[in-house]
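Each chain, letter by letter, is given below.
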Amino acid sequence: MRDEPGYAPFDGGPGGGIAELAKHVHGEPGGVRVRTLALSLPRTEIGLRYNKRSMSQDPTFRVLGQAPSSRSVRYESYRREWDRRGTELDPTDHPVHVDLETVAVCDLRCGSSEEDPQGFCQIWTHEHIRKLGFDEHTYKRGYMDPNLYRTLLQQCADVGVSSIKLNYRGEPSLHPEIVPFVALAAELGFPDIMMNTNGNGGARTNPELFTQLVDAGITDLMFSVDAGDPDSYHRQRVGGDFEVLLHSVRSAVEARAAGKGAPDCRIRASVVRTYMNATDVDSGRMESFWKNEMGVDWMSVSECYFPAGIEHKWKAAEWRQLAASEFQCPDPFRRMVVTWDGKHTMPCCQGFTLEIDGGAVTGREGRNQTIQEAWASPNFDRLRSAHRLKTWDRPGTEGESICRSCAVTKKPTPVAVQV
């Protein structure tokens, strides 16, 4: 399940029996105030507490409680442009946000077990899955070359990109240069520097890693947690160490409190809601642990979903396919992904099949295509047209199969779960 960062301010508050769903993130990289999706929870009264106003068009994501306070003038200016792009479906000549995939490897295998080897991870980058014969779900794995990172980051700065996220698939803290990567982005003046992390990764061998990342200038640090106790954590975040995660979160919170972080630094706990943790999420216990005991600023929740609607035991919601008349995705007009090797670019975070590939930006694939040139690629423009013209849901080649199978074009209704 993808996990997404940062939000602009909004009026939060309890939602009672109405779940007003919102999405940033896993990975959009920001909170825009657009349409609200209010869902009546049919079965029992779950009592979920969601914000009063939706912050993105993605219906699969919501925020619990009160969002962080307002940020700097330059941050708020970038948020307004993010908002405008989504509202007007206007890509201009460069993205607002770029995901630079610093690694395509992970040290966890979420939800995987002997009985359920696939688990609930959609990313499929870990060796456990490869050994079990699921190679068709993977790309080639690897680490971004520091020279390529510097080149792409400078291109982003030169054309006016405002927001950088240092991951797409995989665990970015495993990259040996992750702290210098963040520091360079801060030096170049990006208003938003984001990272999703499982809190393990490189922190297993460097306990001070997340203190160093805060000090380097990260602005949106998102810990994927999925649990508030060791037992359910280890059953869901398979391969992770709960104590390492706790130390990572605590050290980041303490570093920022000591004044080491950027003024816009915010720290979030991110949860994929599954049948196993739904009761803790719905009751508020999960939020209370991470906010009140661990000191994060806020918590977000994504419903567990598999591509193309595959049935699986982890889900805790009913899903309904949206029509193109109901939903036009804002991502292709403001967001771009670059894979770790620079060989693939995508105008959203769901391009797992590469059918919307904008081409390589390595300088070694026939010509030295830049990020700005990839942003204007025919595949990107085709996808944008499908959303502008509301045709993405048409069958066959008249529509976009990647959009029809995407979680973002589905509307979840959370249901009460008894484990």
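Each value, and the rule that gives it
Residues numbered from 1 in each chain as written. Predicted model: local features only at pLDDT ≥ 70, side-chain atom pairs only at ≥ 80, totals over all residues. Heavy atoms only, no water. Helix = DSSP H or I, 4+ residues; strand = E, 2+ residues; numbered from the N terminus. Buried < 20%, exposed > 50% of the residue type's maximum accessible area, 1.4 Å probe, protein only. Areas by Shrake-Rupley, 256 points an atom, 1.4 Å probe, with all protein chains shown as cover. Salt bridge = Lys/Arg side-chain N within 4 Å of Asp/Glu carboxyl O. Phe/Tyr/Trp six-rings, centres within 6.5 Å; stacked < 30°, edge-to-face > 60°. Lys NZ or Arg CZ within 6 Å of the ring centre and 35° of its normal. Pairing = 2+ DSSP bridges. Expected span 1.5 Å × (residues − 1). Contact = heavy atoms within 4.5 Å. Arc of directions from axis to C-beta. pLDDT = per-residue confidence, 0-100.

Moving on, we get to the overall build of the protein. Counting secondary structure elements, the protein contains 12 helices and 13 strands. When the 419 residues of the protein are sorted by exposure, 61% land in the buried category. About 15200 Å² of surface is accessible on the protein, with carbon and sulfur atoms providing 50% of the total.

Below, the discussion takes up the pattern of salt bridges. Close approach of charged atoms lets side chains of opposite charge pair. Counted under the stated rule, the structure contains 20 salt bridges. One salt bridge connects glutamate 88 with arginine 84, and the closest N-O pair in it is separated by 2.8 Å. With glutamate 88 and arginine 84 both in helix α1 (residues 73-88) and four residues apart, this pair spans about one turn of that helix. According to the relative accessible area criterion, glutamate 88 is exposed, its value standing at 51%. On the basis of relative accessibility, which here comes to 24%, the residue arginine 84 falls in the partly exposed class. Across the pair arginine 382 and glutamate 400 runs a salt bridge, and its minimum N-O distance is 2.6 Å.

In total, this model carries nine aromatic pairs according to the counting rule given. Taking 5.2 Å as the distance between ring centres and 90° as the angle between the ring planes, the aromatic pair formed by tyrosine 75 and tyrosine 78 counts as edge-to-face. A residue pair is termed a helical-turn pair when its members lie 3 or 4 positions apart in one helix, as tyrosine 75 and tyrosine 78 do in helix α1 at three residues. Here the two residues tyrosine 75 and tyrosine 78 agree in accessibility, since each one is buried. Between phenylalanine 289 and tryptophan 290 the ring centres are 4.9 Å apart and the planes differ by 85°, which places this aromatic pair in the edge-to-face class. An aromatic cluster is present here, built from Tyr233, Phe242, Phe289 and Trp290 joined pairwise through their rings. One cation-aromatic arrangement involves arginine 79 over tyrosine 78; the distance from NZ or CZ to the ring centre is 4.8 Å. Above the ring of tryptophan 298, the side-chain terminus of arginine 268 is found at 4.6 Å from the ring centroid.

Moving on: the pairing of strand β8 (residues 266-273). In terms of burial, β8 is a largely internal element, eight of the eight residues being buried. Across the two faces of β8 the burial is the same, with Arg266, Arg268, Ser270 and Val272 and Ile267, Ala269, Val271 and Arg273 all buried. The sheet contact formed by strand β7 (residues 220-224) and β8 spans five bridges and is parallel. Following the sheet pairing, serine 224 is matched in β8 by serine 270. Both β8 and strand β9 (residues 298-303) contribute to a ladder of six bridges, which runs parallel. Bridge pairing links valine 271 to valine 301 in β9.

On to the environment of aspartate 231, then. The topology assignment puts aspartate 231 in helix α6 (residues 230-236). The class for aspartate 231 is partly exposed, based on a relative accessible area of 48%. Along the chain, aspartate 231 and phenylalanine 242 lie 11 residues apart, while their C-alpha atoms are 9.0 Å from each other.

The terminal C-alpha atoms of α1 lie 22 Å apart, and with 16 residues this matches the ideal 22 Å at 1.5 Å per residue to within 8%. Of the residues making up α1, those classed as buried are Tyr75, Glu76, Tyr78, Arg79, Trp82, Arg85 and Gly86. In this structure, the buried side of α1 is in contact with β4 (97-100), β5 (163-165), β6 (192-197), β7, β11 (335-338) and α10 (371-375). In the segment just after α1, leucine 89 is the residue with positive phi, at about 50°.

Residues of helix α9 (residues 285-293) that are buried include every one of Met286, Glu287, Phe289 and Trp290, and no others. Projected down its long axis, α9 carries its buried residues within an arc of 165°, all on one side. Exposed and oriented more than 90 degrees from the buried face of α9 are Asn292 and Glu293. Note on α9: the residue one or two positions beyond its end, glycine 295, has a positive phi of about 85°.

For the protein, the mean per-residue pLDDT works out to 80, and 73% of the residues sit at or above 70. Note that residues 124-130 has pLDDT below 50 and, in this model, 25 contacts with residues that lie over four places away or in other chains.

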